[in-house]
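Structure at a glance
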Amino acid sequence: MEAVLSARQTARHFADRGSDSDPALVWVLNRAVTEIDAAAGVLDGHRLATSADLAELERTARTRARALREILDEYQAGFYEA
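Rules and cut-offs
Residues numbered from 1 in each chain as written. Predicted model: local features only at pLDDT ≥ 70, side-chain atom pairs only at ≥ 80, totals over all residues. Heavy atoms only, no water. Axes fitted to C-alpha atoms, helices over the stretch in contact; angles between N-to-C directions. Helix = DSSP H or I, 4+ residues; strand = E, 2+ residues; numbered from the N terminus. Parallel < 35°, antiparallel > 145°, perpendicular 65-115°, else oblique. Left-handed = near helix turned anticlockwise from the far one by under 90°. Contact = heavy atoms within 4.5 Å. Nonpolar A, V, L, I, M, F, W, Y, C, P; charged D, E, K, R; others polar.

A few points about the packing of helix α1 (residues 2–16) against helix α2 (residues 23–44)
At a closest axis distance of 9 Å, the pairing of α1 and α2 adopts a crossing angle of 155°. The orientation of α1 with respect to α2, classified from their angle, is roughly antiparallel. In this structure, α1 meets α2 at a crossing whose hand is left-handed. For the pair α1 and α2, contact is made by Val 4, Leu 5, Ala 7, Arg 8, Ala 11, Arg 12, Phe 14 and Ala 15 and by Val 26, Leu 29, Asn 30, Val 33, Ile 36, Asp 37, Ala 39, Ala 40 and Leu 43, respectively. Considered class by class, the residues forming the contact of α1 with α2 number 13 nonpolar, one polar and three charged.

Here it is in structure tokens:
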């Protein structure tokens, strides 16, 4: 949970200080913050009482991580040119 909260803080820091010279990067950072917020929400309300609970949490984490990778890959590929 601490790693997710730290990632959220870092992404927000850079999104808040984004430059108008690269609005696509600011947009990507804001998308990343949205994904991290969703991951934090899942962690906040998630029980870890059973191995099935842990497996569900791992699936959710992988899905959110995949979404973040796709956003960054698309940005690097130039899909979000201004």
